[in-house]
Amino acid sequence: MAKKAPNPIDKHVGSRVRMRRMMLGMSQEKLGDALSLTFQQVQKYEKGTNRIGASRLQQIAHILQVPVAFFFEGAPDLGDGPTDGLAEAPSPAYISDFLATSDGLALTKAFMRINDAKLRRRIVDLVEHIAGEPVENGNGNGKTAEH
C-alpha cells in the first residue's frame, strides 16, 4: 500500500513551526524537550508527516512566542469553497517556504542588518539581475523609483 502524501495545510503549519523555531535559534531537540517529545517527532511535525493537534499547536505557539494564527499565515487555499476572486492572487507560500530554509533565514537575517537602504536596494537589483529578471529604473520592480 502506498504512503499517503501529507496534507498541504499540515505541511504549511509544520514549515511555519520550523521557520519560527529557527528564527529563535532553537534546536528540534530543545523544542521536543519542552513538549516532552523526541526531536524525531518534532521533525515529523515540521515536515507535515504527522498532524499537529489543536492543544499541541497551542503549546507550540506558547513555546515559540507567537499566536496560533501565525502558523496558518499564507496557508494554501485548497479550493474548498467560494473565494470571492481571491484565488487569482499569487500565493505568499513561496515566502514562507523560502524563510523555512536555513539559507533563506540566514540571508534574511543578514540582509536586515544592512542599515544603508540604498545598499539594500543595490543588492536586490544584483540578485534580480543574476536571476534574469529585468531591473528598470533602479528599483527592480518595473515601476518608477520614488524619491
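Calculation rules
Residues numbered from 1 in each chain as written. Predicted model: local features only at pLDDT ≥ 70, side-chain atom pairs only at ≥ 80, totals over all residues. Heavy atoms only, no water. Helix = DSSP H or I, 4+ residues; strand = E, 2+ residues; numbered from the N terminus. Expected span 1.5 Å × (residues − 1). Buried < 20%, exposed > 50% of the residue type's maximum accessible area, 1.4 Å probe, protein only. Polar contact = N/O pair within 3.5 Å; in protein donor to acceptor, adjacent residues only side chain to side chain. Phe/Tyr/Trp six-rings, centres within 6.5 Å; stacked < 30°, edge-to-face > 60°. Lys NZ or Arg CZ within 6 Å of the ring centre and 35° of its normal.

### Some details on helix H1 (residues 8-23)
Because each turn of an α-helix spans 3.6 residues, side chains separated by three or four positions end up pointing in the same direction.
Link 1 in the chain: End to end, H1 covers 22 Å across 16 residues, agreeing with the expected 22 Å (1.5 Å per residue, within 8%).
Link 2 in the chain: Residues of H1 that are buried include every one of Asp10, His12, Val13, Gly14, Ser15, Arg16, Val17, Met19, Arg20, Arg21 and Met22, and no others.
Link 3 in the chain: Structurally, the start of H1 carries an N-cap: the backbone nitrogen of Ile9 is 2.7 Å from a side-chain oxygen of Asn7.
Link 4 in the chain: Phi for Gly25, located one or two positions after H1, is positive at around 70°.

### Here we look at unusual backbone geometry
Link 1 in the chain: Of note in the backbone geometry, Ser36 takes a positive phi value of approximately 60° without being a glycine.
Link 2 in the chain: Within the secondary structure layout, Ser36 lies in the loop between helix H2 (28-35) and helix H3 (39-47).

### Side note on the packing of aromatic side chains
To describe a pair of aromatic rings, you give the distance between the ring centres and the angle between the ring planes.
Link 1 in the chain: What the rule picks out here adds up to one aromatic pair.
Link 2 in the chain: On the numbers, 5.5 Å between centres and 80° between planes, the contact of Phe70 with Phe71 is edge-to-face. In this pair, the class of Phe70 matches that of Phe71, namely buried.
Link 3 in the chain: Cation over ring: Arg16 sits above Phe70, and NZ or CZ is 4.0 Å from the ring centre.

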